[in-house]
Amino acid sequence: MDKDRKKTGGTLKVVAIVGARPQFIKCAPISHELRKEHEEILVHTGQHYDPEMSDVFFDELQIPRPDYHLGVGSGSHGEQTGTILERVEDVLIQEKPHLILVYGDTNSTLAGALAAAKLHIPVVHVEAGLRSFDRAMPEEINRVVTDHLSDLLFCPTQTAMDNLANEGITDGAYLVGDVMVDALRHNAGIAEKKSPILRTLGLDKGDYYVATVHRPANTDDRHNLSAIIAAFSESGKKVVFPVHPRTKKNLREYGLWDSLSENILCIDPLGYIDMLHLMKHAKKILTDSGGIQKEAYVMGVPCITMRENTEWVETLQGGWNVLVGADKQRILAAILADVKTSADNSVFGKGDTAKRIVSVIHKNFCT
Ligand code: UD1
């Protein structure tokens, strides 16, 4: 396939790769926009496969059913990335798209980008330029390599544009805002009207914390996970804790699962609508997720990030988001701290990112 064949003059055939929870959220607004004029072939790698980690997002966000389901499942990084690479390559050879769309920073992102680049199919990366500068995070490696393989790079923030420029990438980089904000703005009202989650869990608005923990640095280290759970126990309020499957497995393995304190309300992972509603009305959010830091900021809920770094540095301004690692005392201090500033919730865009992305793709490939 020839990259110079890129000006089509008409309709594009686009293969989009998704596989993990945040990618379903990111692809929804773009898929809807893209399909107005172009053909999208949606490929689900199967990196996330439990219904509550996958199907629920397709239903709630009205994402079209995937054209291919690669059924890759879990595995070591090499195994998972390698299997996706092999299976995406087959799809690309069969479909011969004009370009491939990849999202975020998971193993599905990297494998998709690599498969396309090797076949000389242009790679378009949504959420490019993010850096934590921490190569111990698998996502950091995925981001760096994917960006260097990409032809068009859509950055959510000026910081991301600057990170790319510092690595010599300026051609093809566009500042377009954050597509998760499109999804959030579209669904916040729906969540407010439709989600029964506060009633179901017997929660009063503003009187509970929401917590998520899924990063290997926290879940695969007994000391760190114990410290985090101890902080939740002593937080003085109900902590609603939708538990990622890996976290649950390790809580069991470390002997923590059966002795969790009563104020920790462990529940299965939630769909998008319930999670938005739960976060919106929390007093504070405790997390190690990237997307949740941003969602908390845009919704104006103070966030406590159980990591030592973040790609989303804008959220740290004014103390709205604080980095506390897996340190019990720092987590508890942040829970008690007053947050007086207000968040600038326009920093991640106005909710028109999908439109901007599709328009830039059109300009680059069709005219
Ligand atoms: C992955 C991404 C991470 C992203 C996160 C979003 C990589 C390296 N990591 O992390 O960037 O923030 O998704 O949620 O791509 N499991 C299940 N059922 C599932 C999925 C996973 O039980 O449906 C369990 C398995 O034990 C698996 C483990 O969770 O080994 C980890 O899953 P994996 O996809 O490797 O990484 P995540 O931690 O979910």
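As shown above, the structure is provided for reference.
The structure contained in this document is the topic of the report that follows. Bear in mind the structure is a predicted one, so any value in this text is a computation, not a measurement.

Turning to the sheet that holds strand E7 (residues 173-175), a few remarks are in order. Strand order in this open sheet of seven strands is E3-E2-E1-E4-E5-E6-E7, and the pairing throughout is parallel. Sheet topology places strand E3 (68-69) and E7 at the edges, where each strand pairs with a single neighbour. Note that strand E6 (residues 152-155) and E7 share three bridges and pair parallel. Looking at E7, one finds that Leu 153 is bridged to Ala 173. Contacting strand E1 (13-18), strand E4 (99-103) and strand E5 (123-126), helix H4 (residues 107-118) runs over the sheet at an angle of about 165° to E4.

All right, on to the pairing of strand E2 (residues 39-44) then. In regular strands, side chains alternate between the two faces of the sheet. In terms of burial, E2 is largely enclosed, as five of its six residues are buried. Both E1 and E2 contribute to a ladder of six bridges, which runs parallel. Pairing of Val 18 across the sheet is with His 44, part of E2. The parallel pair E1 and E2 is bridged by helix H1 (residues 21-34), and the resulting crossover is right-handed. Strand direction decides the pairing type here: E2 and E3, joined by two bridges, are parallel.

You can see Asn 364 is positioned in helix H15 (residues 353-366). By relative accessible area, which is 18% here, Asn 364 ends up buried.

The next thing to look at is the packing of helix H10 (residues 222-233) against helix H11 (residues 245-253). In the contact formed by H10 and H11, the axes pass within 11 Å of each other and the chain directions differ by 95°. Looking at the two axes, H10 sits roughly perpendicular to H11. Of the residues in H11, those touching H10 at Arg 222, Leu 225 and Ile 229 are Thr 247, Asn 250, Leu 251 and Glu 253. Among the residues forming the contact of H10 with H11, the class breakdown is three nonpolar, two polar and two charged.

Taking 1.5 Å as the rise per residue, H10 with 12 residues should run 16 Å; its terminal C-alpha atoms sit 16 Å apart, in good agreement. Regarding H10, the residues found buried are Asn 224, Leu 225, Ala 227, Ile 228, Ile 229, Ala 231 and Phe 232. Measuring from the backbone nitrogen of His 223 back to the side-chain oxygen at the start of H10 gives 3.0 Å, which picks out Asp 221 as the cap.

What counts, and at which threshold
Residues numbered from 1 in each chain as written. Predicted model: local features only at pLDDT ≥ 70, side-chain atom pairs only at ≥ 80, totals over all residues. Heavy atoms only, no water. Pairing = 2+ DSSP bridges. Helix = DSSP H or I, 4+ residues; strand = E, 2+ residues; numbered from the N terminus. Contact = heavy atoms within 4.5 Å. Axes fitted to C-alpha atoms, helices over the stretch in contact; angles between N-to-C directions. Buried < 20%, exposed > 50% of the residue type's maximum accessible area, 1.4 Å probe, protein only. Right-handed = clockwise from strand over helix to strand, strands pointing away. Parallel < 35°, antiparallel > 145°, perpendicular 65-115°, else oblique. Nonpolar A, V, L, I, M, F, W, Y, C, P; charged D, E, K, R; others polar. Expected span 1.5 Å × (residues − 1). Polar contact = N/O pair within 3.5 Å; in protein donor to acceptor, adjacent residues only side chain to side chain.

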